[in-house]
Amino acid sequence: MENLLTAKQFEELTKKLESNELYQKSKSIHKVLQYKRFKESETGKYINGQIVRREDGYLLEGDEGFDEMKAKLVIYNFVDGVLHSENDEPAVLYPGHWEIWEHGLLKKVVTDGGDIEEFWENGVPVRIETNLAERRRKEAENGK
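Bear in mind that the values here come from a model prediction, so they are computed numbers and not experimental data.

### Points about the overall build of the protein chain
Here is step 1 of the chain: Helices and strands together make up the secondary structure of the protein chain, namely three helices and eight strands.
Here is step 2 of the chain: Of all 144 residues assigned to the protein chain, the portion counted as buried reaches 33%.
Here is step 3 of the chain: When the accessible surface of the protein chain is split by element, carbon and sulfur atoms take 47% of a total near 9300 Å².

The following block contains the structure:
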C-alpha cells in the first residue's frame, strides 16, 4: 500500500465493489475503509498501532451504520495508516464481531458471535457462510 490511489481510482474500485452481491450482504460496516490510509490529526503521520474508541465508535466523522448500543468499545489496529491484522489479532474488534485485514484490505469477517463468516480475497468478498452455530451444534451431536 505504498502508493496512494487517486480519487478516480478509489471511486472506480468502490463502484465495482458496491455492485458485488456479496459486498452488499456483508455485515462489515468498515468495508468502505478499504484502500484508505489514516493519519494522526496532530502529527499528520500515518497511524501505527492500536486505537481504541469508546462510546461514539466512529473512526471517521460521518460514518453511518454504526450501532452505539451494540458496540461501546471498538479496537482498530493500523500499520502505516491502513487497517492490518498482526499475530492473528483482528484489525477491527468489538463485541461479537471481528475482522481480519491485510494491508488495508479485508480478508475475513466473523460476526453475530461467530455465527456468520465472510471470506474476502484482494478486498472482494468471495463467500459468506451463515448459521454456523447450528452447524457446529449438529456436528457435535453427531460426534464429528
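Now, onward.
### Looking at the pattern of salt bridges
Here is step 1 of the chain: Within this structure, the stated rule accounts for four salt bridges.
Here is step 2 of the chain: Between Glu-21 and Lys-25 there is a salt bridge, and its shortest N-O distance comes to 3.1 Å. Placement of the pair is Glu-21 and Lys-25 together in helix α2 (residues 21-25), with a separation of four residues, close to one helical turn.
Here is step 3 of the chain: With a relative accessible area of 52%, Glu-21 lands in the exposed category.

### Section: the packing of aromatic side chains
Any aromatic ring pair is given by two values, namely how distant the centres are and how the planes are angled relative to each other.
Here is step 1 of the chain: For the structure shown, the criterion picks out three aromatic pairs.
Here is step 2 of the chain: Look at Tyr-23 and Trp-120: their rings are 6.1 Å apart centre to centre, the planes differ by 70°, and that puts the pair in the edge-to-face class. Note that Tyr-23 is positioned in helix α2 and Trp-120 in strand β7 (residues 116-121), a separation of 97 residues in sequence.
Here is step 3 of the chain: For the pair Tyr-76 and Phe-78, a centre-to-centre distance of 6.4 Å together with 35° between the ring planes defines the contact as tilted. For the pair Tyr-76 and Phe-78, a shared accessibility class is recorded, and that class is buried.
Here is step 4 of the chain: Across the ring face of Tyr-23, the terminal group of Lys-31 is positioned such that the distance to the ring centre comes to 4.5 Å.

### Structural notes on the side chain of Thr-111
Here is step 1 of the chain: Its place among the elements puts Thr-111 in strand β6 (residues 105-111).
Here is step 2 of the chain: What makes Thr-111 buried here is its relative accessible area of 6%.
Here is step 3 of the chain: Not counting chain neighbours up to four residues away, the residues in contact with Thr-111 comprise Lys-27, Gly-96, His-97 and Ile-116.

### A few points about the pairing of β7
Consecutive residues of a regular strand have side chains that alternate between opposite faces of the sheet.
Here is step 1 of the chain: Here β7 lies mainly inside the structure; five of its six residues are buried.
Here is step 2 of the chain: Alignment of β6 against β7, held across four bridges, turns out to be antiparallel. Across the sheet, the residue bridging to Val-109 is Glu-118, located in β7.
Here is step 3 of the chain: Between β6 and the antiparallel strand that follows it, β7, lie four residues; Asp-112 among them carries a positive phi value of about 50°.
Here is step 4 of the chain: With five bridges connecting them, β7 and strand β8 (residues 124-129) associate as antiparallel partners. Directly across from Trp-120, in β8, lies its bridge partner Pro-125.
Here is step 5 of the chain: Hairpin remark: β7 followed by β8, antiparallel, with two residues in the connecting loop; positive phi at Asn-122, about 55°.

### Description of the nonpolar core
Here is step 1 of the chain: If you look at the biggest cluster of nonpolar residues, it comprises 18 residues, and the most contacted ones within it are Tyr-76, Phe-78, Leu-83, Val-92 and Trp-101.
Here is step 2 of the chain: Of all the secondary-structure elements, those providing two or more residues to this core are β2 (73-79), β4 (92-94) and β6.

### What about the pairing of β2?
Here is step 1 of the chain: The buried fraction of β2 is high, at five of seven residues.
Here is step 2 of the chain: Examined bridge by bridge, β2 and β4 share two bridges and lie antiparallel to one another. Paired with Tyr-76 across the bridge in β4 is Val-92.
Here is step 3 of the chain: Pairing between β2 and strand β3 (residues 82-83): two bridges, direction antiparallel. Within the sheet, the bridge partner assigned to Phe-78 lies in β3 and is Leu-83.

What counts, and at which threshold
Residue positions within a chain follow its written sequence, with the count starting from 1. Under the rules for a predicted model, residues below a pLDDT of 70 receive no local features and side-chain atom pairs below 80 are neither given nor counted, while totals for whole chains, interfaces and linings still include all residues. The basis for every side-chain value is the complete set of heavy atoms in the structure, and neither hydrogens nor water enter the calculation. Starting at the N terminus, helices and strands are each numbered in turn, a helix being any DSSP run of H or I of at least four residues and a strand any DSSP run of E of at least two. Exposure categories follow from relative accessible area, calculated using a 1.4 Å probe and restricted to protein chains: below 20% of the type maximum is buried, above 50% is exposed, and the middle band is partly exposed. Only the protein chains shown count as cover for residues, with accessible areas throughout obtained via the Shrake-Rupley method and a probe of 1.4 Å. We define a salt bridge as a side-chain nitrogen of Lys or Arg found within 4 Å of a carboxyl oxygen belonging to Asp or Glu. Whether two aromatic rings pair depends on their centres lying within 6.5 Å, for rings of Phe, Tyr and Trp, where Trp uses its six-membered ring; planes under 30 degrees apart make the pair stacked, over 60 edge-to-face, and the rest tilted. Placement of a charge over a ring requires the Lys NZ or Arg CZ to be within 6 Å of the ring centre, with the centre-to-atom vector within 35 degrees of the ring normal. Whether two residues are in contact is decided by their heavy atoms, any of which lying within 4.5 Å being enough. A pair of strands is treated as paired once DSSP finds two or more bridges between them. Nonpolar cores are built from buried Ala, Val, Leu, Ile, Met, Phe, Trp, Tyr and Cys residues. Side-chain atoms within 4.5 Å join them into one set.

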